[in-house]
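If you want the building blocks of each chain, they are given just below.
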Amino acid sequence: MTNINKYNYYFYTLLTLLVLVLLFVANTLSISYKEALNVFVNTSILTYITNTSLYLFGQNDISLRLPFIIFYILSVLLMYQLTDKYFKKESDRFISICIFMLLPGVLSASLLVNSAIIVTFLTLLYLYYYKLRKKHSYLLLFIYVFIDNSFAILYLALFFYTLKDIKSIEDTKDKKNILLWVSLILFILSMYIYGFTTIGKPRGFFLDTFAIYATIFSPLLFIYFFYAIYRIGFKEKEKSLTWYISTTALLLSFLFSFRQRIYIEDFAPYVVIYLPFMLKIFFHSYRVRLKEFRRNHNISVVLVLSMLFLNVLLTIVNKPLYMFLPTPEKHFVYKYHFVKELAGEMKKNKINFISSDDKGLLLRLKFYGIVQGDKYFISLNEFSGYKKKMTVSYYNKNLYKVYIK
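Source: prediction; values computed, not measured.

Conventions adopted
- Residues numbered from 1 in each chain as written.
- Predicted model: local features only at pLDDT ≥ 70, side-chain atom pairs only at ≥ 80, totals over all residues.
- Heavy atoms only, no water.
- Helix = DSSP H or I, 4+ residues; strand = E, 2+ residues; numbered from the N terminus.
- Rg over C-alpha atoms; globule rule 2.2 N^0.38 Å.
- Buried < 20%, exposed > 50% of the residue type's maximum accessible area, 1.4 Å probe, protein only.
- Contact = heavy atoms within 4.5 Å.
- Areas by Shrake-Rupley, 256 points an atom, 1.4 Å probe, with all protein chains shown as cover.
- Patch = residues over 30% accessible without salt bridge, like charges linked within 9 Å, V, L, I, M, F, W, Y side chains within 5 Å.
- Salt bridge = Lys/Arg side-chain N within 4 Å of Asp/Glu carboxyl O.
- Pairing = 2+ DSSP bridges.
- Axes fitted to C-alpha atoms, helices over the stretch in contact; angles between N-to-C directions.
- Phe/Tyr/Trp six-rings, centres within 6.5 Å; stacked < 30°, edge-to-face > 60°.
- Lys NZ or Arg CZ within 6 Å of the ring centre and 35° of its normal.
- Polar contact = N/O pair within 3.5 Å; in protein donor to acceptor, adjacent residues only side chain to side chain.
- Parallel < 35°, antiparallel > 145°, perpendicular 65-115°, else oblique.
- Nonpolar A, V, L, I, M, F, W, Y, C, P; charged D, E, K, R; others polar.

Student: Quick rundown of the overall build of the protein chain? Include the residues and the values.
Tutor: Regarding its fold elements, the protein chain presents 18 helices and four strands. The C-alpha atoms of the protein chain give 24 Å as radius of gyration, which agrees with the globular expectation for 405 residues (22 Å, within 12%). Considered along the principal axes of its C-alpha atoms, the protein chain spans approximately 75 × 55 × 45 Å. A buried classification covers 48% of the 405 residues belonging to the protein chain. Pairs at least 24 residues apart make up 68% of the contacts formed inside the protein chain by residues separated by at least 6 positions. Total accessible area computed for the protein chain in this model is approximately 21500 Å², and 63% of it derives from carbon and sulfur atoms.

Written as structure tokens, this is what we have:
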């Protein structure tokens, strides 16, 4: 009991520190064009969530991202509860939840206005209910239809999970297999509401998808994830519900990427939840070996933890990277920088009521109180007759220029 309390203390301390870091980073980011669309134009669940937060806490960057940080906290807490009594050692559980908290994809999802962290939380909520009650929540499944299109993946996974126990057509009439029909109906309903995008010419994006997954997990962790999925799939008779969810999402994402570029936010939440199962396989593989034969495992652990630490470091301090990049656009957070600083400089110079050839810039500046009008014209491209140039600099390097007339 003392050992459990010790690791609980470590867990809550680390979670608190990470939340403080996320709040700090949230205040250093500017609203992106897609996020501005969710605030001012769209009518999705993200619009209602962000506008409620902005109404309650004021129109600023922390309020914009606060709901997603809260979903991050709830997701971590649910994952911690789901892994209770799952590992033989409490230290294994602690390591598992630490890696989950530090996953690049999970951290980034908690800072950006997108549905990924919401889907992660709701999926974990469904799994937690299933763990507690030993039955499926059809109410949650029905509600999820109206929250996000990506829950079609969950319904399809549940269909496959139930289908494995069906031996004949008569089995489908069994009350125990009601999930088969519920998941199928909800999948069809989701497809009817949201449709399926096949826009553009068929092109292969398999390698792009693989690279994005490697970024979400970190490369070594994603390679081991593949191994864990394979091992359970081909060597174990009993496969968990989580395995079906993660495998379905992974295979579908790769299948679709042979034809078109996919929205990784639709698939990643279902893949990252398999992390504890993957780590349990690793811990077992590690401990069945004698100490002198654990060298490769030890090297892998050091590399993975180093990459995760580097990711957290770059999440906190990423602006210095601009000093080493040939063009600012190559920075991985470029779309979330500069505009807040630009708006502050425009306010100092009493520049308001603006028009522009860049509608995205106008919408982003609107979030910071710069009103649209005909008094000034601004552009990111230099034009003849401009009267003023404003520059946003990080570490004395000019990175973002706006021309004003």
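Student: I'd like a rundown of a nonpolar patch on the surface, residues and numbers included.
Tutor: A surface patch of nonpolar side chains, about 770 Å² in accessible area, is lined by L139, F142, I143, F146, Y192, I193 and Y194. Contributing elements (two or more residues each) for the nonpolar patch: helix 8 (138–144) and helix 10 (178–194). Along the chain, I143 falls in helix 8. Judged by relative accessible area, I143 falls into the partly exposed class, the value being 38%.

Student: Give me the sheet that holds strand 2 (residues 376–379): which residues, what numbers.
Tutor: The four strands are arranged 1-2-4-3 in an open sheet whose pairing can be described as mixed. The open sheet has two edge strands with one neighbour each: strand 1 (354–356) and strand 3 (388–394). Along the sheet, successive strands turn relative to each other by an average axial angle of 35°, direction set aside. Summarising the sheet, strand 1 and strand 2 pair through three bridges and their orientation is parallel. Its bridge partner being in strand 2, S355 is matched across the sheet by F377. Against the sheet, helix 17 (residues 339–348) engages strand 1, strand 2, strand 3 and strand 4 (397–404), with an angle of about 135° to strand 3.

Student: An account of the environment of P328 is requested, with residue identities and associated values reported.
Tutor: Assignment of secondary structure puts P328 in the loop between helix 16 (295–316) and helix 17. By relative accessible area, P328 is classed as buried at 17%. Between the alpha carbons of P328 and L103 there is a distance of 25 Å; along the sequence they are 225 residues apart.

Student: Any details on the packing of aromatic side chains? Residues and values, ideally.
Tutor: Overall, the coordinates contain 43 aromatic pairs when judged by the stated rule. Taking 5.6 Å as the distance between ring centres and 85° as the angle between the ring planes, the aromatic pair formed by Y224 and F282 counts as edge-to-face. Of this pair, Y224 sits in helix 12 (residues 219–235) while F282 sits in helix 15 (residues 275–287); the two residues are 58 residues apart in sequence, bridging distant segments of the chain. A relative accessible area of 12% means that F282 is categorised as buried. K239 extends its terminal NZ or CZ atom over the ring of W243, reaching a point 5.9 Å from the ring centre. Across the ring face of Y394, the terminal group of K319 is positioned such that the distance to the ring centre comes to 4.5 Å.

Student: So what's going on with the environment of D61? Residues and values would help.
Tutor: Along the polypeptide, D61 turns up in helix 4 (residues 61–82). Given the relative accessible area of 3%, D61 is considered buried. When the C-alpha atoms of D61 and F187 are compared, they prove to be 36 Å apart, with 126 residues separating the residues in sequence. Residues contacting D61, with those up to four places away along its chain left out, are A26, N27, L29, S30, I31, K340, F367 and Y368. A distance of 2.8 Å separates a polar atom in the side chain of D61 from a polar atom in the side chain of Y368.

Student: Let's hear about the packing of helix 12 against helix 16: which residues, and what values?
Tutor: Across the interface, helix 12 lies against helix 16 with an axial gap of 8 Å and an inter-helix angle of 125°. Relative to helix 16, the element helix 12 lies oblique. In contact with P219, L220 and L221 of helix 12, helix 16 contributes S300, L303, V304 and M307. Looking at side-chain class alone, the contact of helix 12 with helix 16 contains six nonpolar, one polar and no charged residues.

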